[in-house]
Amino acid sequence: MADHRDGPLMRDKSKENVQCQITLAIVIGIVLGCVFAFLYPYELFTYYSPFQDQPFGKTNLKAGSSSCESSERIGVLKLEIASLSEKNAELNIKLKFLRKQLRLAEQGRDYAQKQVMALGENHKAGPFNTVKGLRTNPTVFPDESVNPRLAKILEEVAVHKEIIVAIANSKVQSMLEVWFTSIKKVGIPNHLVVALDDHIESICKSNGVPVYKRDPDEGIDSIGKTGDNHAVSGLKFRILREFLQLGYSVLVSDVDIVYLQNPFDYLYRDSDVESMSDGYNNKTAYGFDDVFDEPAMGWARYAHTMRIWAYNSGFFYIRPTLPSIELLDRVASRLSKDPDSWDQAVFNEELFYPSHPGYDGLHASKRTLDFYLFMNSKVLFKMVRKDARLKKLKPVIVHVNYHPDKLPRMNAIVDFYVNGKQDALEPFPVGSVWQKK
Ligand SMILES: *[C@@H]1O[C@H](CO)[C@@H](O)[C@H](O)[C@H]1NC(C)=O
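Residues numbered from 1 in each chain as written. Predicted model: local features only at pLDDT ≥ 70, side-chain atom pairs only at ≥ 80, totals over all residues. Heavy atoms only, no water.

This next bit is on the overall build of the protein chain. Per the secondary structure count, the protein chain includes 15 helices and twelve strands. Sorting the 437 residues of the protein chain into buried and exposed places 40% on the buried side. Of the contacts made within the protein chain by residues no fewer than 6 positions apart, 72% connect residues no fewer than 24 positions apart. Accessible area of the protein chain: about 25700 Å², with a carbon and sulfur share of 59%. (Helix = DSSP H or I, 4+ residues; strand = E, 2+ residues; numbered from the N terminus. Buried < 20%, exposed > 50% of the residue type's maximum accessible area, 1.4 Å probe, protein only. Contact = heavy atoms within 4.5 Å. Areas by Shrake-Rupley, 256 points an atom, 1.4 Å probe, with all protein chains shown as cover.)

Here it is, written out as structure tokens:
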């Protein structure tokens, strides 16, 4: 806990520092730019090579040639010109640097202005019930230098800067095969497997599945080959960061998911994070007032609490915005500090806990996906398969997150929804037998 309390404070200080430094650099840039504009008004706006004569040199040359024609004098003049050219070259370098500073300062100002404009020029609130806060944050400016190889792959595979991404090693091969077969069947072109080992890479290649294998010298990747689920989860958030930095929205997907429709047709794209829920009805998926009763308090025995079932960190859509990247960083950083923590719990805490003394909450906007369309296996096996009306509904995806016998249930889901086998879901129990590890 002490760790946790220190973290945000330190992060704040360094954030302030960076902001201070940027502001200072901008101010220095502008002041120097103004000084130069005043002292050398022509140089600031015209580019010239050191060998183009500047006004100063020209005058000297003319004066010299009219007063004395001796070769000695010409030699001196040549030296003078050479030295002036040199100075000029130096000045040019300085000038180039200052121009760059000025351009950066202007870019910074533009960005700030755009943000202010996005917030609305008119700061007066509108009439009752017409006012809306900002939930759609601006996307970050893409930075290809982060990973040029991945940038090239994404350029080819992504559609409208969006892509489904699953991270897989050989342990999940059979589920991955059901995963990409269902995706291909629906006809979703923009999906990518991040392969954590050579075997998965070759499986994908031989099946025509877009695949990206990270460079072996990437330090964080050694976890991927041997790691259990939780270690891979920590890695996931670090890998995803690069996708966002490159300017892509990512639909993060576990491999225990069957695709039945194209999820990109069902997103709202208005929030930083759009996630499927572990909830199984309106209340648990979308939030409710959970009343806590303490009779000893008498008149005030009922305390109202807000509850929502966890967001499923195995299937969510994340837009490339600053709050999104901050979320990934916060989760990855907490997972690395506490290897025993569960990534989904951390993901939810970072998303939902408000700021409080000693803690700065994340200000990310979020949306819960429709729990019938983005269906978890509790909804399917507890409710849908027993309800004639709900059985007719075709989900977008089904995530076998509530059951350990994932592969047979995935195959049954394909049989039921794709192959029309009406009784395919019947053999399975609602829940699984509790086994203590
Ligand atoms: C759940 O919410 C939806 C819309 O938000 C509504 O149409 C539906 O009737 C609700 N279901 C129940 C059981 O309350």
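So that's the structure; there's more coming.
Quick look at the nonpolar core now. Nonpolar side chains tend to gather and get buried jointly when the protein is soluble and globular. By size, the foremost hydrophobic cluster in this structure holds 53 residues, and its most contacted members are Leu176, Trp179, Val193, Tyr259, Phe315, Leu380 and Tyr417. At six residues, the largest contribution of residues to this core is made by helix H6 (residues 173-186). In contact with Leu380, other than residues within four places in its own chain, are Met375, Arg385, Val398, Ile413, Tyr417 and Leu425. (Core = buried A, V, L, I, M, F, W, Y, C linked by side-chain atoms within 4.5 Å.)

Here we take up the confidence of the model for the protein chain. Segments scoring low in pLDDT should not have their predicted coordinates read at a detailed level. The predicted model of the protein chain has a mean per-residue pLDDT of 84, with 75% of residues at 70 or higher. Overall, residues 1-13 carries pLDDT values under 50, and its contacts beyond four positions in sequence, including any with other chains, amount to ten contacts. With pLDDT under 50 throughout, residues 41-68 is counted as low confidence; its partners more than four residues away or in other chains account for 33 contacts. (pLDDT = per-residue confidence, 0-100.)

Okay, the packing of H6 against helix H15 (residues 406-417) next. For the pair H6 and H15, the least separation of the axes is 10 Å and the interaxial angle reads 15°. Of the possible angle classes, the one that applies to H6 and H15 is roughly parallel. Crossing handedness for the pair H6 and H15: left-handed. Only Lys406, Leu407, Met410, Asn411 and Val414 of H15 make contact with H6, whose side of the interface consists of Ser174, Met175, Val178 and Trp179. Tallied by class, the residues present in the contact of H6 with H15 amount to six nonpolar, two polar and one charged. (Axes fitted to C-alpha atoms, helices over the stretch in contact; angles between N-to-C directions. Parallel < 35°, antiparallel > 145°, perpendicular 65-115°, else oblique. Left-handed = near helix turned anticlockwise from the far one by under 90°. Nonpolar A, V, L, I, M, F, W, Y, C, P; charged D, E, K, R; others polar.)

What follows deals with the packing of aromatic side chains. Under the counting rule described, the total for this entry stands at twelve aromatic pairs. Measuring from centroid to centroid gives 5.8 Å for Phe381 and Phe428, while their planes differ by 70°, and the two rings are edge-to-face. Note that Phe381 is positioned in helix H13 (residues 377-383) and Phe428 in the segment after H15, a separation of 47 residues in sequence. With a relative accessible area of 0%, Phe381 lands in the buried category. On the basis of relative accessible area, Phe428 is assigned to the buried category, the value being 14%. Connected via pairs of aromatic rings, a cluster forms that spans Trp179, Tyr259, Phe315 and Phe374. (Phe/Tyr/Trp six-rings, centres within 6.5 Å; stacked < 30°, edge-to-face > 60°.)

Once that is clear, we can look at the packing of helix H11 (residues 322-337) against helix H12 (residues 343-352). Remark: H11 packs on H12, axes separated minimally by 9 Å, with the N-to-C direction vectors making an angle of 135°. When the axis of H11 is compared with that of H12, the two are oblique. Here the hand of the crossing between H11 and H12 comes out right-handed. Across the interface between the two elements, Leu327, Arg330, Val331, Arg334 and Leu335 from H11 touch Asp343, Val346, Phe347, Glu349, Glu350 and Leu351 from H12. For the contact of H11 with H12, the per-class residue count stands at six nonpolar, no polar and five charged.

A few words now on the sheet that holds strand S4 (residues 249-253). Ordered in space as S3-S2-S1-S4-S9-S6-S10, the seven strands form an open sheet in which the pairing is mixed. Looking at strand neighbours, the two that pair on one side only are strand S3 (211-213) and strand S10 (366-368), the edges of this open sheet. Between one strand axis and the next, the sheet turns through 30° on average, direction left out of account. Pairing geometry for strand S1 (residues 162-168) and S4, over four bridges, is parallel. Across the sheet, residue Glu162 finds its bridge partner in S4, namely Ser249. Across the face of the sheet, helix H5 (residues 148-157) comes into contact with S1, strand S2 (191-195) and S3 while running at roughly 175° to S3. Each of strand S6 (273-277), strand S9 (311-318) and S10 touches H12; the most contacted strand, S9, lies at about 55° to it. (Pairing = 2+ DSSP bridges.)

With that settled, consider a nonpolar patch on the surface. Nonpolar side chains collect at one region of the surface, where Ile308, Phe352 and Tyr353 lie side by side and expose about 260 Å² of accessible area between them. Here Phe352 is to be found in helix H12. Judged by its relative accessible area of 30%, Phe352 falls in the partly exposed class. (Patch = residues over 30% accessible without salt bridge, like charges linked within 9 Å, V, L, I, M, F, W, Y side chains within 5 Å. Salt bridge = Lys/Arg side-chain N within 4 Å of Asp/Glu carboxyl O.)

You will see that Asn129, though not glycine, has its phi angle at about 70°, which is positive. Looking at the element boundaries, Asn129 is found in the loop between helix H4 (71-118) and H5. Look at His160: it is not a glycine, yet its phi comes out positive at around 50°. Within the secondary structure layout, His160 lies in the loop between H5 and S1.

Here the focus is H12. Among the ten residues of H12, seven are classified as buried, and the element is accordingly described as predominantly covered. Buried within H12 we find Asp343, Gln344, Val346, Phe347, Asn348, Glu350 and Leu351.

Inspection of every chain in the model, using the stated rule, returns 14 salt bridges. Among the salt bridges present, the one from Arg269 reaches Glu162, with a minimum N-O distance of 2.6 Å. With a gap of 107 residues between them, Arg269 in the loop between strand S5 (257-259) and S6 and Glu162 in strand S1 connect regions that are remote in the sequence. We classify Arg269 as partly exposed; its relative accessible area is 30%. A salt bridge links Lys205 to Glu201; its shortest N-O distance comes to 3.5 Å. Of this pair, Lys205 and Glu201 both sit in helix H7 (residues 198-206), separated by four residues, roughly a single helical turn. By relative accessible area, which is 56% here, Lys205 ends up exposed. By sharing partners, the salt bridges in this structure join Glu326, Arg330, Arg334, Glu349 and Glu350 into a single network.

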